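Structural overview
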Amino acid sequence: MRHLGLLTLVVPDYDEAIAYYTGVLGFALRCDTPLAEEGKPGKRWVVVAPDPDAETGLLLARAAGQEQRARVGDQTGGRVGFFLYTDDFAADHARLSAAGVTFTRAPREEPYGRVAVFADRYGNLWDLIQPASGPSA
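Since this is a predicted model, take the numbers as computed values, not measurements. (Residues numbered from 1 in each chain as written. Predicted model: local features only at pLDDT ≥ 70, side-chain atom pairs only at ≥ 80, totals over all residues. Heavy atoms only, no water.)

Regarding the sheet that holds strand β8 (residues 125-131)
What the four strands build is an open sheet, ordered β5-β8-β7-β6; its pairing is mixed. Among the strands making up the open sheet, the edge pair consists of β5 (80-85) and β6 (102-110). Shown here is a sheet whose adjacent strand axes are inclined to one another by a mean of 20°, direction ignored. Here β6 pairs with strand β7 (residues 113-119) via six bridges, running antiparallel. Bridge pairing in β7 places T102 opposite A119. (Pairing = 2+ DSSP bridges. Helix = DSSP H or I, 4+ residues; strand = E, 2+ residues; numbered from the N terminus. Axes fitted to C-alpha atoms, helices over the stretch in contact; angles between N-to-C directions.)

This is how it looks when you write it as structure tokens:
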């Protein structure tokens, strides 16, 4: 096996999620393709990534049914579930803050690098991390 390709993130609406991840977080929209699936009108294959050439992307999946809608924003039980790496922590932290991103934990130094926790539009927790020099975990 070579790498992890996609991670699914359940969202309430495709267009709203695309606007947030591309407009606020600055991700690239890699794919937005309608899917013809019986009984599921409007289903789409939507992939965003921090960089158009990133190996791993997020598959934005519109919640279907009450059980999935209940998971939006809390797919990891309140833990940080997503880790966004940066080469320029200060610039990206400032840009995200200016774009209205809510940081739930202030920047701090850890053995693995500089990190701050933010909540996305839906409440999912993310680490913004500039790794310390040396091998990463």
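Overview of the domain arrangement of the protein chain
One can read the domain layout of the protein chain as domain 1 (1-72) and domain 2 (78-136). The gap between the C-alpha centroids of domain 1 and domain 2 is 21 Å. Contact with domain 1, which involves 15 residues of that partner, is made by 13 residues of domain 2. Taking both sides of the interface into account, the surface hidden between domain 1 and domain 2 amounts to around 1,100 Å²; carbon and sulfur atoms contribute 68%. A per-residue breakdown of the area domain 1 buries against domain 2 is headed by Y20, V24 and L25, which together make up 41% of the total. Joining domain 1 to domain 2, the criterion identifies one salt bridge. The partner of R121 in a salt bridge is E16, and the shortest N-O contact between them spans 3.4 Å. Where domain 1 touches domain 2, the interface holds six residue pairs in polar contact (both at pLDDT 80 or more). For the side of domain 1 that touches domain 2, the secondary-structure elements that each account for two or more residues are β1 (6-11) and α1 (14-24). The residue makeup of the side of domain 1 that touches domain 2, split by class, is 12 nonpolar, one polar and two charged. (Domains from an automatic or database assignment. Contact = heavy atoms within 4.5 Å. Buried area = accessible area lost by both parts, 1.4 Å probe. Salt bridge = Lys/Arg side-chain N within 4 Å of Asp/Glu carboxyl O. Polar contact = N/O pair within 3.5 Å; in protein donor to acceptor, adjacent residues only side chain to side chain. Nonpolar A, V, L, I, M, F, W, Y, C, P; charged D, E, K, R; others polar.)

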